[in-house]
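Residue-level structure breakdown
Listed here are the chains, written in short residue letters.
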Amino acid sequence: MISEEYLYAIALRECSQIGDINFHKLVKTFGNAENAWKKAKKEYKKLEGIGQKTVSDIGNTEHLKFAEKELEFCKKNNIHIRLRHLKEIPALLNECIDSPSILYQKGNIDDSLQKISIVGTRNMTPYGKQFIGDFFDATQSSKYVSVSGLALGVDKEVHEQSIRTHKPTIAVLAHGFEFLYPSKNRKLSEKILQDGGILLTEFNSARKPDRENFIQRNRIVAGLSPSTIVVETAFGGGSVSTATFANDYNREVFALPGKITDIYSQGCNQLILQNKATAISNLKDLISMLGLNNPKEKIEELFPYSEETIQLTDNQNIVYEFIKQNPQISLDDLVQKIVVSSHKILPIILELELLGKVKSFSGRQFIAI
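The following refers to the structure shown. A quick note: this is a predicted structure, and the numbers were derived from the prediction, not measured. (Residues numbered from 1 in each chain as written. Predicted model: local features only at pLDDT ≥ 70, side-chain atom pairs only at ≥ 80, totals over all residues. Heavy atoms only, no water.)

**Side note on the sheet that holds strand β7 (residues 227-230)**
Heads up, the rule is: We treat two strands as partners when DSSP finds at least two bridges between them. Helix and strand labels come from DSSP, where a helix needs a run of H or I of at least four residues and a strand needs a run of E of at least two; each type is numbered from the N terminus. By the convention used here, residues are in contact when the closest approach between their heavy atoms is within 4.5 Å. The angle between two axes is taken between their N-to-C directions and runs from 0 to 180 degrees, where each axis is a line fitted to C-alpha atoms and a helix contributes only its stretch in contact.
With respect to topology, nine strands assemble into an open sheet ordered β1-β2-β6-β5-β4-β3-β7-β8-β9, the strand pairing being mixed. The sheet is open, and its two borders are formed by β1 (79-83) and β9 (278-279), each paired with just one other strand. When strand β4 (residues 145-148) meets strand β5 (residues 169-172), the two strands line up parallel, connected through three bridges. For V147, the partnering residue across the bridge sits in β5 and is I170. Taken strand by strand, helix α11 (residues 238-248) contacts β3 (115-119), β7 and β8 (252-255), and its axis lies near 155° from that of β7.

See below:
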C-alpha cells in the first residue's frame, strides 16, 4: 500500500545516520523505502559509499512507532506528505542533489506556476520595503508564486505583498507543524493558506525551530525557484546562504545594491562584487530578466529608469568598450588584456552594472547591454 511507503519513509529518515543523500541512495538501490527498511541492514554492501555503521539504526522499532504517530498527526491536521522518490516534490527542487527526501505541506498550489524566491534581513529598512512594494505593484498582471521563509522583516513583507496583490505564496518553515515561528506571524500563516498559498517544511512535526534548521531551510527556498532576489542583508546574513545555495544549484541570483555605509546593503553589495549576484539597477530590466510578461505600464515610475546618455569616466569607458567588443569575456581574460590595473577592474565592473551598462553571468563572464 502507498500509505505504508510513507510510514517506512518517515521511519527511515528518522535513523541517526540517514540524511537526504543517503536516503536517496537507499531507495535507489532497493527500489523503495519499505525494501530499504527491511533489507539494507543485511545487504548494505550493495550500497556505494555506505558502511555498516550508517545502516546500524535501520530497523529500530521506535522509529516505526514515531512514523505511525506522525502519519496520524498529518491526517488530523490536513498535512500532505510528499516523497521525493515518488516524484511528488516540485521538479526544480528535485534537481538539487541534497533536496529533501520528505516534504510536509499545508495547503495546495499549482506547481506548474513559475516561482520567484525573495529573501532578506529581518531588519528591513524603508528602502527594502519600498522595493518589495514596487516590485509586486509592477508585476501585478504577471502569474507567478513568491517563495520566502516566513521570518520577520523582508520575508513577512514578501508574503503580505503577495496576498495584497493576489499572488499565491510559499512559506518555507524551519520547524515542524507543531510550532509556528515566529509566533507573531501566526495570523499571516493562516492568511497565506486562506489565499491559496502553502506552508512547507522538511521537518517532522516534533522538530523545534533550532538555529541550525534555518540554514537548512534556506536551501529549499533557493531550490524551489529558478531565480532568487536578495533585497537587503548584512555581511554573513542568512540570505547570503540562500544566495550561495542558489549559485550552487546554477540558479540566477539578483541583489538590490545600496550605499556602502548601509549595514543591510553590505551583504548585497558583496554578492554583486563577488559576481554571485546580478545587480538590480531598475525594475524594468529585472522583470525582463525574470521572464515575467505584461508588466504594468507605470513600471518606470515605480523604480525610475533613465534613458539619458550616461557619461562614463575614462576607466569605465575603457572597460565597457572592451567588454562590448568581446561579448562574454571572462574576468581573467579582461585582467590580462586590458590596460587598467587589475585591482581596479572589479570595482569598475560593479559601477557599470549599477549604471545598467554591463551584465554579469556565472563563471565571471560579462556582456555589454
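**Overview of the packing of helix α7 (residues 126-138) against helix α13 (residues 283-290)**
To characterise two packed helices, one gives the angle between the axes of the helices and the distance between these axes. Applicable threshold: Just so you know how the angles are binned, under 35 degrees is roughly parallel, over 145 roughly antiparallel, 65 to 115 roughly perpendicular, and the rest oblique. We call a crossing left-handed when the near helix sits turned anticlockwise from the far one by less than a right angle, and right-handed when that turn is clockwise.
One can describe the packing of α7 onto α13 by two numbers: an axis separation of 11 Å at closest approach and a directional angle of 60°. Relative to α13, α7 is oriented oblique. For the pair α7 and α13, the crossing hand works out as right-handed. Across the interface between the two elements, F131, D134, F135 and A138 from α7 touch L283, L286, I287 and L290 from α13.

**What to know about the packing of aromatic side chains**
Aromatic rings considered in pairs are described by the distance between their centres and by the relative angle of their planes. We apply this condition: Each aromatic pair joins two rings of Phe, Tyr and Trp (for Trp, the six-membered one) with centres within 6.5 Å, and gets the label stacked for planes under 30 degrees apart, edge-to-face for over 60, and tilted for any other angle. Under the scheme applied here, a residue whose accessible area is under 20% of the maximum for its type counts as buried, over 50% as exposed, and between as partly exposed, the area being computed with a 1.4 Å probe on protein chains only. Placement of a positive charge over a ring is assigned whenever Lys NZ or Arg CZ falls within 6 Å of the ring centre and within 35 degrees of the normal to the ring plane.
Throughout the structure, instances matching the rule amount to seven aromatic pairs. The interplanar angle of 90° and the centroid separation of 5.7 Å between the aromatic rings of F135 and F136 together place this pair among those described as edge-to-face. Judged by its relative accessible area of 1%, F135 is buried. Taken together, a centroid distance of 6.3 Å and an interplanar angle of 35° make the contact between F136 and Y144 tilted. The exposure classification of F136 matches that of Y144, with both residues buried. Put simply, the rings of F131, F135, F136 and Y144 pair up and form one aromatic cluster. R122 extends its terminal NZ or CZ atom over the ring of F214, reaching a point 5.7 Å from the ring centre. One Lys or Arg, K357, reaches over the ring of Y320 and ends 4.7 Å from the middle of that ring.

**Here's the deal with the layout of surface pockets**
The condition is simple: Put simply, the grid is 1 Å and covers the protein atoms alone, a cavity is a trapped set of points that fit a 1.4 Å probe, a pocket is an open set with protein on both sides within 12 Å along at least five of seven lines, and lining residues have an atom within 4 Å of a point. Grid points are joined across faces, edges and corners, and a volume is the space filled by probe spheres set on the points. Residue polarity follows a fixed list, in which Ala, Val, Leu, Ile, Met, Phe, Trp, Tyr, Cys and Pro are nonpolar, Asp, Glu, Lys and Arg are charged, and the others, Gly among them, are polar.
Of the voids in this model, the largest pocket is the one considered here, and its volume is about 480 Å³. When residues of the lining of the largest pocket are traced back to their parent elements, those giving at least two are α10 (211-223) and α11. At six residues, the largest contribution of residues to the lining of the largest pocket is made by α10. Class assignment for the residues of the lining of the largest pocket results in nine nonpolar, ten polar and four charged.

**Section: the pattern of salt bridges**
Heads up, the rule is: When a carboxyl oxygen of Asp or Glu lies within 4 Å of a side-chain nitrogen of Lys or Arg, that pair is called a salt bridge.
Scanning the entire structure with this criterion turns up 14 salt bridges. Among the ionic pairs, E202 bridges to R219, the shortest N-O distance being 2.6 Å. With E202 in the loop between β6 (198-201) and α10 and R219 in helix α10, this residue pair connects regions lying 17 residues apart in the sequence. Of the residues examined, E202 reaches a relative accessible area of 11% and is grouped as buried. Residue R219 is classed as buried on the basis of its relative accessible area, which comes to 6%. Measuring nitrogen to oxygen at the nearest pair gives 3.9 Å for the salt bridge that ties K359 to E252.

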